[in-house]
Amino acid sequence: MPEGDVLRLTAARLDAALRGAVLVRAELRWGGLGDIDLTGREVAEVVAYGKNLLVRTTDGWTVHAHLRMEGRWYVARTGSPEAEGRAPRVRAVLASARWTALGENLGMLNVVRSRDERRLLGHLGPDVLADALDVRAAALRLRDAGDGPGVSVSEALLDQRRVAGIGTIYAAESLFARRTDPWRTVGTLDADELAALLLTARRDMTVAVMHGLEARESRVHGRLGRPCVRCRTAIAVRQARRPPEERPIFFCPRCQAPQPGVSRSV
Ligand SMILES: [Zn+2]
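Chains are numbered independently. Their residues run from 1 in the order of the written sequence. Under the rules for a predicted model, residues below a pLDDT of 70 receive no local features and side-chain atom pairs below 80 are neither given nor counted, while totals for whole chains, interfaces and linings still include all residues. Side-chain metrics rest on all non-hydrogen atoms present in the structure, leaving aside hydrogens and water.

Visitor: Just checking my understanding: could you explain the packing of helix 1 (residues 4–18) against helix 6 (residues 191–211) for this structure?
Guide: In helix packing, the relevant descriptors are the interaxial angle and the interaxial distance, both defined with respect to the helix axes. Where helix 1 contacts helix 6, the axes come no closer than 9 Å and their chain directions differ by 30 degrees. By the angle between their directions, the pair helix 1 and helix 6 is classed as roughly parallel. Of the two elements, helix 1 crosses helix 6, and the hand of that crossing is right-handed. Each of Gly4, Asp5, Arg8 and Leu9 in helix 1 lies in contact with helix 6, whose residues at this interface are Met205, Ala208 and Val209. Note on residue classes: Ala, Val, Leu, Ile, Met, Phe, Trp, Tyr, Cys and Pro are nonpolar, Asp, Glu, Lys and Arg are charged, and everything else, Gly too, is polar. For the contact of helix 1 with helix 6, the residue count by class is 4 nonpolar, 1 polar and 2 charged. To obtain each axis, a line is fitted to C-alpha atoms, and for helices this fit is confined to the stretch in contact; angles are then taken between N-to-C directions over 0 to 180 degrees. Only DSSP runs of H or I with at least four residues qualify as helices, and only runs of E with at least two residues qualify as strands; both kinds are numbered from the N terminus onward. Just so you know how the angles are binned, under 35 degrees is roughly parallel, over 145 roughly antiparallel, 65 to 115 roughly perpendicular, and the rest oblique. Crossings are classed by handedness, with left-handed meaning an anticlockwise turn of the near helix from the far one by less than a right angle and right-handed meaning a clockwise turn. The contact definition used throughout considers only heavy atoms, calling two residues in contact when any of these lie within 4.5 Å.

Encoded structure:
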């Protein structure tokens, strides 16, 4: 599933293609959205919030998309064969005279007045990549929001209602970097520890946003059975959350061992 860094990169690409341009073609192939005509409107900006993408027009409309598991956006030159977007997997087409943005396999698509974006995003925690992130407040929200402090720290990191933008890769990598047992309950971590986890994820995601996804360095995610880069113990994996929402979290059983007397949620 795309995480906040992918959304940032996607938003930057779409923003470069569409900002300031008038839409000459706008097709939203989604439920009741087919009748909404955005052609003739000017794109003000394209931004990301957590795992959400927002295309805003200068006259106050917002197209909201969520990529879920398989979704992606790409940009093609208007008039080129790639820009036609006839395939059923293409659910959104937004084109200027020059560039066409196509969204395929999207998990969600909405159109709202920009002033009503909160109706779509109001349940989310702060974006971990926000310029003005209040780390202290985000750490407390990471501990207490959603289903409260009794869930595992890995599950809390994945819960977009607490903090938005982190998925399985950055949850696992930041827990590994901080040598934190992924299965201890989030309420057993103090605000400094939680802030350090968030700042670690934010730093790693920022590297990917600045230097591209190739710059992502996986020290634990996806390394099942391979030796830990620190202690050579075989990396393990376990599911955070319950079916059908389970998500794999990779960890080192030794570097991230449970601490005696610290409560866990497994
Ligand atoms: Zn280790």
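After that view of the structure, there is still more to cover.
Visitor: What am I meant to see in the domain arrangement of the protein chain here?
Guide: By convention, interface size is frequently given as the accessible area that disappears when the constituent parts associate. When its domains are assigned, the protein chain resolves into domain 1 (4–121) and domain 2 (135–251). In this document the domain limits rely on a domain assignment from an automatic tool or a database. Placing a centre on the C-alpha atoms of domain 1 and another on those of domain 2 gives a separation of 29 Å. Facing 8 residues of domain 1, the contacting portion of domain 2 comprises 11 residues. Summed over both partners, the interface of domain 1 with domain 2 comes to about 740 Å²; 68% of that surface belongs to carbon and sulfur atoms. Summed over the three residues of domain 1 that lose the most area to domain 2, namely Asp5, Leu9 and Lys51, the buried surface amounts to 64% of that side. Salt bridges are identified by distance alone: a Lys or Arg side-chain nitrogen within 4 Å of an Asp or Glu carboxyl oxygen. Inspection of the region where domain 1 meets domain 2 yields 1 salt bridge. In this structure, Arg216 engages Asp5 in a salt bridge whose closest nitrogen and oxygen atoms are separated by 2.9 Å. What qualifies as a polar contact is a pair of N or O atoms within 3.5 Å, subject to a donor-acceptor requirement within protein and to the restriction that residues adjacent in sequence count only when both atoms come from side chains. Linking domain 1 with domain 2 are 3 residue pairs in polar contact (both at pLDDT 80 or more). Per element, the largest residue contribution to the side of domain 1 that touches domain 2 is 5 residues, and it comes from helix 1. Buried area: the accessible area, evaluated with a 1.4 Å probe, that two parts lose upon being put together, summed over both parts.

Visitor: Is there a simple way to think about the coordination of the zinc ion in this case?
Guide: Under ideal tetrahedral coordination, the four donors around a metal are separated by 109.5 degrees; under ideal octahedral coordination, the six donors are separated by 90 or 180 degrees. Any N, O or S atom lying within 2.8 Å of the metal counts as a donor, with the limit raised to 3.2 Å for Na, K and Ca; because water is left out of the atom set, some sites can appear incomplete. Bound to the zinc ion on the protein side are Cys228 (SG), Cys231 (SG), Cys252 (SG) and Cys255 (SG), at distances that span 2.2 to 2.4 Å. Every angle between 85 and 135 degrees makes a four-donor site tetrahedral, while opposite donors more than 155 degrees apart, with all other angles between 65 and 115, make a four-donor site square planar and a six-donor site octahedral; other sites are irregular. In this structure, the zinc ion is coordinated by 4 donor atoms arranged in tetrahedral fashion, with angles at the metal of 99 to 115 degrees. In terms of primary sequence, the donors binding the zinc ion are separated according to C-x2-C-x20-C-x2-C. Linking Cys231 in the loop between helix 6 and strand 9 (236–240) with Cys252 in the segment after strand 10 (247–251), this pair joins segments that are 21 residues apart in sequence.

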